[in-house]
Amino acid sequence: MSSKPIGIFDSGVGGLSIWKEIHQLLPMESTHYLSDSKNAPYGPKGREAIIALSIKNTEWLISQGCKLIVVACNTATTNAIDTLRNNYAIPFIGIEPAIKPAALQSKSKAIGILATKGTLSSQLFHKTSQLYSSELLVVEQEGNGIVELIETGRLHSTEMLQLLQSYLKPMLEANIDCLVLGCTHYHFLTPILKQLLPSHVKIIDSGEAVARQTKAVLEANQLLNNKTIVGANKVYTNGEKSVVTALLSSETASVQTLEF
Ligand code: DGL
């Protein structure tokens, strides 16, 4: 069992940011990454649709023999992870906007959260956000349109720059000093955001924490791969292969298209 792959899914290529962290921390593990780009974005879809897509992705990864599943999507985690945990016996790792680390680090007592509509409207997000809203100002912003631009290879485009400028404006007016990236696609915006934000604003995402948690859960379930050869990494996409390869750059993973 321990040499079986880790399954990872996202509504598209965003979760590759999580895959990179997992691969870096656990190079001996094999991985199967499923990019459901055909159905991206998940953010504007309702909870039921997000749950149905998450079940479909999970069942495909289980059919490929995965030993654990990383839901590398904030939108799928905040809407569907309870259902997944209740229905399948294997361990699941999820990702949620890192409000707590931002709240602990903020000196101005104002933080910004950029996430999808599906995440910001979820009960799980509300519960966490409420825990901190009495002690600091949480400026929530839907990142509408960002995922679509990334999924169509327009990460570095004028449209992206204009969208980001408009989304950051209310946050900067509120004097935020931490920006939480609440969607795995947004990790790829980091170099652009650094240019648009004053240098004292920290950009916070949860990729590394998810990788550490994946390792801890594998260990606790005696599922760590104890082989000494580097694992095989496969990326499956039902969208454009070139969008995946552009984000993988020199990383070692084979990319295949999939009718899904
Ligand atoms: N990467 C997904 C997330 O973390 C993007 C959601 C979407 O497809 O809208 O939320």
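The structure this text deals with has already been given above.
Numbers given to residues run from 1 along each chain, matching the order in which its sequence is written. pLDDT decides what is reported in this predicted model: residues at 70 or higher carry local features, side-chain atom pairs at 80 or more are listed and counted, and totals for whole chains, interfaces and linings draw on all residues regardless. As a convention, hydrogens and water are excluded, and side-chain values are obtained from all of the structure's heavy atoms.

Participant: Please explain the pattern of salt bridges as it appears in this structure.
Facilitator: Any two side chains of opposite charge can pair if their charged atoms end up close together. In the sections that follow, a salt bridge refers to a side-chain nitrogen of Lys or Arg positioned within 4 Å of a carboxyl oxygen of Asp or Glu. Applying the stated rule across the entire model yields 4 salt bridges. For Glu159, the salt bridge is made with Arg154, and the minimal N-O distance between the two is 3.0 Å. The rule is simple: take the accessible area with a 1.4 Å probe, protein chains only, and divide by the maximum for that residue type; under 20% is buried, over 50% is exposed, in between is partly exposed. Among the residues examined, Arg154 registers a relative accessible area of 35% and is labelled partly exposed. In this structure, Glu173 and Lys169 form a salt bridge, with 3.3 Å as the shortest nitrogen-oxygen distance. Note that Glu173 and Lys169 are positioned in helix 8 (residues 158-173) at a spacing of 4 residues, about one turn of the helix. Of the two residues, Glu173 and Lys169, neither departs from the other in class, the shared state being exposed. The numbering of helices and of strands both runs from the N terminus, where a helix is a DSSP run of H or I of at least 4 residues and a strand a run of E of at least 2.

Participant: Got a minute to help me understand the site of the ligand in this structure?
Facilitator: One heavy atom within 4 Å of a molecule or strand is enough for the residue carrying it to be called near that molecule or strand. The full set close to the ligand counts 13 residues, and Ser11, Tyr42, Gly43, Thr75 and Thr184 are the nearest of them. Gly43 is positioned such that a nitrogen or oxygen atom in its backbone is 2.8 Å from an oxygen atom of the ligand. Counting of polar contacts relies on pairs of N or O atoms within 3.5 Å, with two restrictions inside protein: one atom must be capable of donating a hydrogen and the other of accepting it, and residues adjacent in sequence are counted only when both atoms are side-chain atoms. Taking Asn74, its main chain carries an N or O atom lying 2.8 Å from an oxygen atom of the ligand. Relative to its unbound accessible surface of 290 Å², the ligand loses 99% to contact with the protein. As a working rule, the residues Ala, Val, Leu, Ile, Met, Phe, Trp, Tyr, Cys and Pro are called nonpolar, Asp, Glu, Lys and Arg charged, and the rest polar, with Gly in that last group. Of the residues contributing to the shell around the ligand, the split by class is 5 nonpolar, 7 polar and 1 charged. Per-residue accessibility takes into account occlusion by the displayed protein chains alone, with areas from the Shrake-Rupley method and a 1.4 Å probe.

Participant: Whenever I open this one, the packing of aromatic side chains confuses me. Can you help?
Facilitator: Two aromatic rings are characterised by how far apart their centres lie and by the angle between their planes. Side-chain rings of Phe, Tyr and Trp (the six-membered ring for Trp) are treated as a pair once their centres are within 6.5 Å; stacked means planes under 30 degrees apart, edge-to-face means over 60, and tilted covers the remaining angles. Enumeration over the complete set of coordinates arrives at 3 aromatic pairs. On the basis of an interplanar angle of 70° and a centroid distance of 5.0 Å, the ring pair of Trp60 and Tyr236 is categorised as edge-to-face. In this pair, Trp60 is assigned in helix 2 (residues 47-63) and Tyr236 in strand 9 (residues 233-237), connecting sequence segments 176 residues apart. Using a relative accessible area of 15% as the deciding quantity, one classes Trp60 as buried. Ring pairs connect the aromatic residues Trp60, Tyr236 and Phe260, which therefore count as one cluster.

Participant: I'm lost on the nonpolar core in this one. Help?
Facilitator: Nonpolar side chains in soluble globular proteins tend to be buried together. Joining through side-chain atoms within 4.5 Å is the link that ties buried Ala, Val, Leu, Ile, Met, Phe, Trp, Tyr and Cys residues into a set, and such a set is a nonpolar core. With 50 residues, the main nonpolar core has Leu16, Val70, Ile146, Met160, Leu179 and Leu189 as its most contacted residues. In terms of residue count, the dominant contributor to this core is helix 8 (6 residues). Every residue pair with non-hydrogen atoms within 4.5 Å of one another is taken to be in contact. For Met160, the residues in contact, after removing those within four places along its chain, are Ile146, Leu149, Ile150, Arg154, Leu155, Leu189 and Ile192. Counting residues in hydrophobic clusters, the runner-up holds 19 residues, among them Ile50, Cys66, Ala76 and Ile81.

Participant: What should I look at first to understand the sheet that holds strand 9 in this one?
Facilitator: Strands in a sheet are paired, the pairing made by backbone hydrogen bonds, and the direction either parallel or antiparallel. Ordered in space as 4-3-1-2-9-10, the 6 strands form an open sheet in which the pairing is parallel. This sheet does not close on itself; its edge strands, each paired only once, are strand 4 (92-93) and strand 10 (254-257). Axes here refer to lines fitted to C-alpha atoms; in helices the fit is confined to the stretch in contact. Angles between the N-to-C directions go from 0 to 180 degrees. Helix 2 contacts strand 1 (6-10), strand 2 (31-35), strand 3 (68-71), strand 4 and strand 9 of the sheet and is inclined by roughly 155° relative to strand 1. Against the sheet, helix 11 (residues 241-248) engages strand 9 and strand 10, with an angle of about 165° to strand 10. We call two strands paired when DSSP finds no fewer than two bridges between them.

Participant: Even after reading the chapter, I still don't get the environment of Val147, so can you show me in this structure?
Facilitator: Structurally, Val147 is set in helix 7 (residues 146-151). On the accessibility criterion, Val147 (6% relative accessible area) is buried. The contact partners of Val147, leaving out residues within four places of it in the chain, are Ala40, Pro41, Cys183, His185 and Tyr186.

Participant: Could you clarify how one ought to interpret helix 1 (residues 16-25) in this entry?
Facilitator: The α-helix advances 3.6 residues per turn, and as a result positions three or four apart in sequence lie on the same side. With 7 of 10 residues buried, helix 1 lies mostly within the body of the structure. The set of residues buried in helix 1 consists of Leu16, Ser17, Ile18, Trp19, Lys20, Ile22 and His23. As for helix 1, its buried residues are in contact with strand 1, strand 2, strand 3, helix 10 (207-220), strand 9 and helix 11.

Participant: I tried to follow the pairing of strand 5 (residues 110-115) on my own but got confused; where do I start?
Facilitator: On a regular strand, one side chain projects to one face of the sheet and the next to the other, so that they alternate. The buried count for strand 5 comes to 6 of 6 residues, which makes it a mostly enclosed element. Burial along strand 5 is two-sided: Ala110, Gly112 and Leu114 and Ile111, Ile113 and Ala115, pointing in opposite directions, are all buried. Judged from the 6 bridges that link them, strand 5 and strand 6 (residues 137-142) form a sheet pairing that is parallel. Each residue of the ladder has a partner; that of Ala115, found in strand 6, is Glu142.

Participant: What's the story with the sheet that holds strand 5 in this structure? I'm lost.
Facilitator: If you trace the 4 strands from one edge of the open sheet to the other, you get 6-5-7-8, paired in parallel fashion. The open sheet has two edge strands with one neighbour each: strand 6 and strand 8 (202-204). This sheet shows a mean twist of 20° between the axes of neighbouring strands, independent of strand direction. In terms of strand pairing, strand 5 meets strand 7 (residues 178-182) through 5 bridges, oriented parallel. For Ile113, the partnering residue across the bridge sits in strand 7 and is Val180.

Function cannot be read off these values alone, since they describe shape.
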